[in-house]
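Coordinate inspection notes
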Amino acid sequence: SPDFYQIDDLLTEEQLQVRQAVRDYMKQEVSPIIEDCAQQALFPSHLIQGFGEMGLFGPTIPEEYGGNGFDDTTYGIMMQEIERVDSGMRSMASVQGSLVMYPIYKFGSKEQKRKYLPKLASGEMLGCFGLTEPDHGSNPSGMRTSITDEGDHYLLNGAKMWITNSPMADIAVVWAKNEEGRVKGVIVEKGMEGFSAPEIHNKWSLRASITGELVFDNVKVPKENLLPGKDGLGAPLMCLDSARYGIAWGALGAAMDCYETARKYTLEREQFGKPIAGFQLQQKKLAEMLTAITQAQLLVWRLGQLKEQGKASSAQISMAKRNNVAMALEVARTARQMLGGMGITGEYPIMRHMMNLESVVTYEGTHDIHLLILGNEITGIPAFS
Ligand code: TGC
Ligand code: FAD
């Protein structure tokens, strides 16, 4: 909810059941603790296992590797229900599913899939994805992290920045350039000599999610840890397509929660002798929020169909990620104002959503970068550089 255009009628019985199960789980296990975690900047690490048990990690991966073989729409619905409660919790699931399990499943060897996927699916292992560097964010093609062939092993050097899950992660899928400047994906395990993952502190956003660096100082990586299936920048960008798709659904969940909170609050809160929801200015805000949410719902529903048919393009995914996150941020800012002073407190989830969404609008390709991807698609002229 809300479901103004009866989009539920377009979902299958199974999709609706999964949605209810995830919604119940989040309400029972996460809602009661999330505000405290965010206020205190604590990552609720016990939820890693709970998310695994609920099948929230890599749900589209086949059962043979610990997933549930769900369709892309179901994956999107799960992200929506997680982010209805907190974007940081959805970040944990996005990274594990789309940025760690997906590349191992898609580009990994049989041995890598058997070794890592079931444990990542169950939550026994946590993973992270290292693409961004201190000097290369929007332009990952300039990355400096290097991987060199030393005969019986590889040597990894460099640093990654802003990495979700990294300080807690058991493995990191890392993108680095080889001697020929070709981007390669490699699995780095916690405990490898020369590898560290210091935490980044003082975030005002995604405070319940843990973020860190990845530092590689002559890390010896076994040859069998290289992802053999694909190289080039296209490999990490394929992972980003999968995660960005989930984020387009997820942001919708945060917007829905802000809208519902503002609707309920303004119906109860009285000023000048009547509920503030009775004033035209507040009704305009509610009507515009509902319209924007409904448009965003239709966008991701259709995108899910295209993805299931193997027809969703990167530019279509960029449009949905960009539109839905900006929409959610706007809804959150408006909803916050509708709660007056109460809107700035942790009594209500809106300020937390709003601050979280400032990261969501930046990571996985900034708002600007997705516009440029669309500009390139429309004109055929890349304006990135
Ligand atoms: P460009 O020359 O356009 O492309 C390089 C190669 O990649 C191919 N390609 C794609 N392949 C698959 N999917 C896509 N979406 C692709 N886009 C491009 C392309 O065909 C080419 O292949 P080849 O074989 O010719 O080499 O690359 P560019 O360097 O000009 O960059 C384009 C640009 C700016 C769009 C790209 O660099 C970009 O998307 N930048 C944004 C970076 C970004 O999104 N970083 C995200 C880091 S991960 C993260 O934020 C996780 S947060 C998760 C959480 O907590 O939830
Ligand atoms: P910059 O690239 O320096 O951009 C700064 C500003 O310049 C932005 O407004 C941008 O839109 C604009 N800009 C850049 N290039 C252009 C251009 N060509 N034209 C016009 N404007 C431009 N990365 C990972 O690899 N793994 C993770 O797990 C991960 N998790 C993250 C978690 C959090 C909480 C955050 C905040 C980030 C995370 N990131 C992660 C990194 C994220 O993807 C980058 O922050 C993002 O890609 C932007 O890079 P940047 O921060 O270096 O900004």
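What comes next concerns the included structure. Quick caveat: nothing in here was measured; it's all calculated off a predicted structure.

**So, the overall build of the protein chain**
Tallying secondary structure elements over the protein chain gives 10 helices and nine strands in all. Taking 2.2 N^0.38 as the reference for a compact globule, 385 residues should give roughly 21 Å; the C-alpha atoms of the protein chain span a radius of gyration of 21 Å, in line with that estimate. The contacts in the protein chain between residues at least 6 apart in sequence include a share of 75% that link residues at least 24 apart.

**Observations regarding the site of ligand 2**
Around ligand 2, a shell composed of 21 residues is seen, among which Thr132, Gly137, Ser138, Thr366 and Asp368 lie nearest. The set of elements that each furnish at least two residues to the shell around ligand 2 consists of strand S1 (127-130), strand S3 (153-164) and helix H10 (367-379). Split by residue class, the shell around ligand 2 holds 10 nonpolar, nine polar and two charged.

**Comments concerning the packing of helix H3 (residues 72-85) against helix H4 (residues 87-107)**
At a minimum axis distance of 6 Å, the contact between H3 and H4 shows a crossing angle of 145°. Packed against H3, whose contacting residues are Met79, Ile82, Glu83 and Val85, the element H4 presents Ser87, Met89, Arg90, Ala93 and Ser94 at the interface. Per-class residue counts for the contact of H3 with H4 are five nonpolar, two polar and two charged.

**Considering the nonpolar core**
The biggest cluster of nonpolar side chains holds 109 residues, and the ones touching the most others in it are Val186, Ala255, Ala328 and Val331. Here this core gets 16 residues from one element, more than from any other, and that element is helix H6 (residues 234-268). With residues near it in sequence (within four places) discarded, Ala255 still touches Ile293, Ala296, Met327, Ala328 and Val331.

**Overview of the site of ligand 1**
Contacts to ligand 1 come from 26 residues, most closely from Ser91, Ser141, Gly234, Ser314 and Gly365. Taken together, the elements giving at least two residues each to the shell around ligand 1 come down to H4, H6 and H10. Counting residues per element, the shell around ligand 1 draws most heavily on H6, which supplies six residues.

**Observations regarding the environment of Met327**
Along the chain, Met327 falls in helix H8 (residues 314-338). C-beta crowding within 10 Å serves as the criterion here: with 23 such atoms nearby, Met327 is assigned to the buried category. Each C-alpha atom, one on Met327 and one on Glu83, is 14 Å from the other, the two residues being 244 residues apart in sequence. With near-sequence residues (within four places) excluded, Met327 lies in contact with Ala255, Ala292 and Ala296.

About the thresholds
Residue numbers restart at each chain and count upward from 1, following the sequence in its written direction. For this description, chains carry letters from A and ligands carry numbers from 1, given in the order in which they are written. Only residues with pLDDT of 70 or above have their local features reported here, since the model is predicted, and side-chain atom pairs are shown and tallied only from 80 upward, although totals for entire chains, interfaces and linings are computed over all residues. Helical segments are the DSSP runs of H or I of at least four residues, strand segments are the runs of E of at least two, and each set is numbered from the N terminus. C-alpha atoms define the radius of gyration, and 2.2 Å times the number of residues to the power 0.38 defines the globule rule. Contact definition: two residues whose C-beta atoms, as placed from backbone geometry, lie within 7 Å. We call a residue near a molecule or strand when the C-beta position, derived from backbone atoms, sits within 6 Å of it. Each residue gets one label: Ala, Val, Leu, Ile, Met, Phe, Trp, Tyr, Cys and Pro are nonpolar, Asp, Glu, Lys and Arg are charged, and the others, such as Gly, are polar. Note on geometry: axes are lines fitted to C-alpha atoms, helical ones only across the stretch in contact, with angles between N-to-C directions running from 0 to 180 degrees. Think of a nonpolar core as buried Ala, Val, Leu, Ile, Met, Phe, Trp, Tyr and Cys residues chained together by C-beta atoms that fall within 7 Å. With C-beta atoms placed from the backbone, a residue counts as buried when 20 or more other C-beta atoms lie within 10 Å of its own, as exposed when 12 or fewer do, and as partly exposed for counts between those limits.

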